[in-house]
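Residues per chain, in single letters:
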Amino acid sequence: MSSSTAAPGSSPLTDAGPQSLCAREPHVPADRLVAEMVPPPRFDSVRFATYIPDPNQPSQTEAVRVLDGFAAGLGGAHAVGGGKRGFFGFGRAKAPKTPAGPRGVYLDGGYGVGKTHLLASLWHATPAEPSLKAFGTFVELTNLVGALGFQQTVQTLSGHRLLCIDEFELDDPGDTVLVSTLLGKLVEAGVALAATSNTLPGKLGEGRFAAADFLREIQGLSAHFRALRIDGEDYRHRGLPEAPAPYSDEQVTKAAYATADASLDDFPHLLDHLAKVHPSRYGALTDGLKAVCLTDVRPVPDQSTALRLVVLADRLYDREVPVLASGVPFDQLFSEEMLNGGYRKKYFRAISRLTALARDAKGLVSS
């Protein structure tokens, strides 16, 4: 299924040929899903000090100040007692009530204003061991529930000081209710929360902020969140980024053989393979890769395929894996109907991230 052979007339340039994503079927144990709930490699080094506020947007400076204070306030003992606790408190004295006032912050701003940078900075600044802090996307959190079960997820996370959720999915009512219920249990256990969200379908043209939608969808949890508005230029108003011109199949194949720890796959075959791998495993699918090479990139055929590709693009971007491709440019991956639909923001993000990774891959091609 994979294009992991040399192009006609060419010969391998390394002793071992490129790997194939299509040949990988990773099995990820549940404990790895928990251990990997940390900021992705791209955000390893971000801190509040490295966030450069726009001088024309005072809300950005204010957000840094508030989040820094929020992190400092999470020091010391856990809100309902230090250390791990039994499930729902069984086997110990009744826990004291959680402190009054918001135990969560919601970063409310358009795409491209640095919400993930600030969320990761909050995780790094919170004075607790990494094992007592969790960071993940909404999708990763729902995958964790699927792997562990609801009650075990509550037990696993209830001893944490902080849970950060990036890109809370407001467009999936079922999962929204599931995660809202989970967060309610964690708030009862004293876990502090921080979140960003996407935008509800049908609301994309009605303004850049989603706080009202977020607070309504999480129902009874709204009182636990303080919304921090972060003004700035909204990515949706910048237009699509201009994608680099694709290379030829021969150039991509040659680069794959010349690059250590690269993969080489035919794009349509890769899309078929993604349908057989649970999205929670897409990170493991890319383990150890230093470059992803794709031939025959073409527009994705349907929305289910497109949404799987969005998850893969996120995992590659988080891990800073360059992507070298032939076929159509990445800004032509999604149809006009998709780009005008309810998942528009996800597709714009995927185009932006794949375009950045394509630029990173330029050095893989011999001049």
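In the block above lies the structure referred to throughout.
All of the points below concern the structure found in this document. Keep in mind it's a predicted model, so treat the numbers as computed, not measured. Throughout this description, residue numbers start from 1 for each chain and increase along the sequence as written. Thresholds applied to this predicted model are a pLDDT of at least 70 for local features of residues and 80 or more for the giving and counting of side-chain atom pairs; totals over whole chains, interfaces and linings are not thresholded and use all residues. Computation of side-chain values covers all heavy atoms of the structure but excludes hydrogens and water.

Examining helix 4 (residues 138–148)
Here's how the labels work: a residue is buried when its accessible area is under 20% of the maximum for its type, exposed when over 50%, partly exposed in between, all with a 1.4 Å probe on protein chains only. For the purposes of this entry, the term helix denotes a DSSP run of H or I that reaches at least four residues, the term strand denotes a run of E that reaches at least two, and both are numbered from the N terminus. Buried within helix 4 are the following residues: F138, L141, T142, N143, L144 and V145. By definition, residues are in contact when any of their heavy atoms lie within 4.5 Å. Next to the buried residues of helix 4 lie helix 1 (30–35), strand 2 (133–137), helix 5 (150–157), strand 3 (162–168) and helix 6 (173–188). Phi turns positive, to about 90 degrees, at G149, one or two residues after helix 4.

Quick look at unusual backbone geometry
Positive phi values are uncommon outside glycine, yet D296 reaches one of about 60 degrees. Within the fold, D296 resides in strand 7 (residues 291–297). Judged by relative accessible area, which is 26%, D296 ranks as partly exposed. Although it is not a glycine, E320 adopts a positive phi angle of roughly 55 degrees. Inspection of the secondary structure assignment puts E320 in the loop between helix 11 (303–318) and strand 8 (323–327).

Quick look at helix 5
Burial in helix 5 covers these residues: T153, V154, T156 and L157. Relative to the axis of helix 5, the buried residues are bounded by an arc of 165 degrees and lie together on one face. Next to the buried residues of helix 5 lie helix 1, strand 2, helix 4 and helix 6. The directions considered for the arc run from the helix axis to the C-beta atoms.

Section: the pattern of salt bridges
By convention in these notes, a salt bridge is any Lys or Arg side-chain nitrogen within 4 Å of a carboxyl oxygen on Asp or Glu. This model, assessed by the stated rule, comprises 11 salt bridges. The partner of D287 in a salt bridge is R32, and the shortest N-O contact between them spans 3.0 Å. A residue pair is termed long-range when its members are at least 10 positions apart, and D287 in the loop between helix 10 (282–285) and strand 7 and R32 in helix 1 qualify at 255 residues. Given the relative accessible area of 23%, R32 is considered partly exposed. Through salt bridges with shared partners, a single ionic network connects E167, D314, R349 and R353.

Focus on the environment of S326
Relative to the helices and strands, S326 is located in strand 8. A sequence separation of 81 residues divides S326 from A245, and the C-alpha atoms of the two residues are 8.6 Å apart. Among residues more than four places away in sequence, those in contact with S326 are P246, Y247, S248, D249, V252, L294, T295, D296 and V297.

Some remarks on the sheet that holds strand 8
DSSP bridges decide pairing: two strands pair if at least two such bridges lie between them. Taken in spatial order, the three strands line up as 6-7-8 in an open sheet, and their pairing is parallel. The open sheet has two edge strands, strand 6 (262–266) and strand 8, and neither has a second partner. On average, adjacent strands in this sheet sit at an angle of 15 degrees to one another, irrespective of strand direction. Pairing analysis gives five bridges linking strand 6 to strand 7, with the strands arranged parallel. Pairing of A262 across the sheet is with A291, part of strand 7. Note on method: axes are straight lines fitted to C-alpha atoms, helices fitted across the in-contact stretch only, with angles between N-to-C directions ranging 0 to 180 degrees. Helix-sheet contacts for helix 9 (residues 267–274) involve strand 6 and strand 7, and the interaxial angle to strand 7 is about 110 degrees.

Quick word on the side chain of R24
Looking at the element boundaries, R24 is found in the segment before helix 1. Pairs of N or O atoms within 3.5 Å make up the polar contacts considered here, provided that, within protein, one atom can donate a hydrogen while the other can accept it, and that residues adjacent in sequence are counted only when both atoms are side-chain atoms. At 2.8 Å, the side chain of R24 and the backbone oxygen of L285 are in polar contact. Leave out the neighbours within four places in its chain, and R24 touches Q19, H273, V277, A284, L285, T286, D287 and L289.

Observations concerning the sheet that holds strand 5 (residues 225–230)
Strand-to-strand pairing in sheets goes through backbone hydrogen bonds, with the strands running parallel or antiparallel. As summarised here, the arrangement of the five strands in space is 2-3-4-1-5, forming an open sheet in which the pairing is parallel. Pairing within the sheet leaves two strands with one partner each, and these edge strands are strand 2 and strand 5. Across this sheet, the average inter-strand angle for adjacent strands is 15 degrees, counted without regard to direction. Relative to strand 5, strand 1 (residues 104–109) is paired through six bridges, and the arrangement is parallel. Looking across to strand 5, one finds that G104 is bridged to F225. On the sheet, helix 3 (residues 115–125) packs against strand 1, strand 2, strand 3, strand 4 (192–197) and strand 5 and is oriented at approximately 170 degrees with respect to strand 3.

What about the packing of helix 4 against helix 6?
Running from N to C, helix 4 and helix 6 point in directions that differ by 75 degrees, and their axes come no closer than 11 Å. Of the possible angle classes, the one that applies to helix 4 and helix 6 is roughly perpendicular. Note on element contacts: helix 6 touches helix 4 through D175, T176, L178, V179 and L182, opposite F138, L141, T142 and V145. When the residues that make up the contact of helix 4 with helix 6 are grouped by side-chain class, the tally is six nonpolar, two polar and one charged. When an angle is under 35 degrees it counts as roughly parallel; over 145 it counts as roughly antiparallel; between 65 and 115 it counts as roughly perpendicular; any other value is oblique. Side-chain classes are defined by residue name, with Ala, Val, Leu, Ile, Met, Phe, Trp, Tyr, Cys and Pro counting as nonpolar, Asp, Glu, Lys and Arg as charged, and the others, Gly among them, as polar.

Quick notes on the pairing of strand 2
Across the five residues of strand 2, five count as buried, placing the element largely inside the fold. Burial of strand 2 is two-sided: the residues K133, F135 and T137 facing one way and the residues A134 and G136 facing the other way are all buried. Both strand 2 and strand 3 contribute to a ladder of five bridges, which runs parallel. Counterpart to K133 in the pairing with strand 3 is L162.

Some remarks on the packing of helix 9 against helix 11
Helix packing for two helices is described by the angle between their axes and how far apart those axes are. Between helix 9 and helix 11, the least distance of the axes is 10 Å, while the angle of their chain directions is 95 degrees. Between helix 9 and helix 11, the angle is such that the two are roughly perpendicular. Mapping the contact onto sequence places F267, L270, L271 and L274 in helix 9 and T305, R308, L309 and L312 in helix 11. Class assignment for the residues of the contact of helix 9 with helix 11 results in six nonpolar, one polar and one charged.

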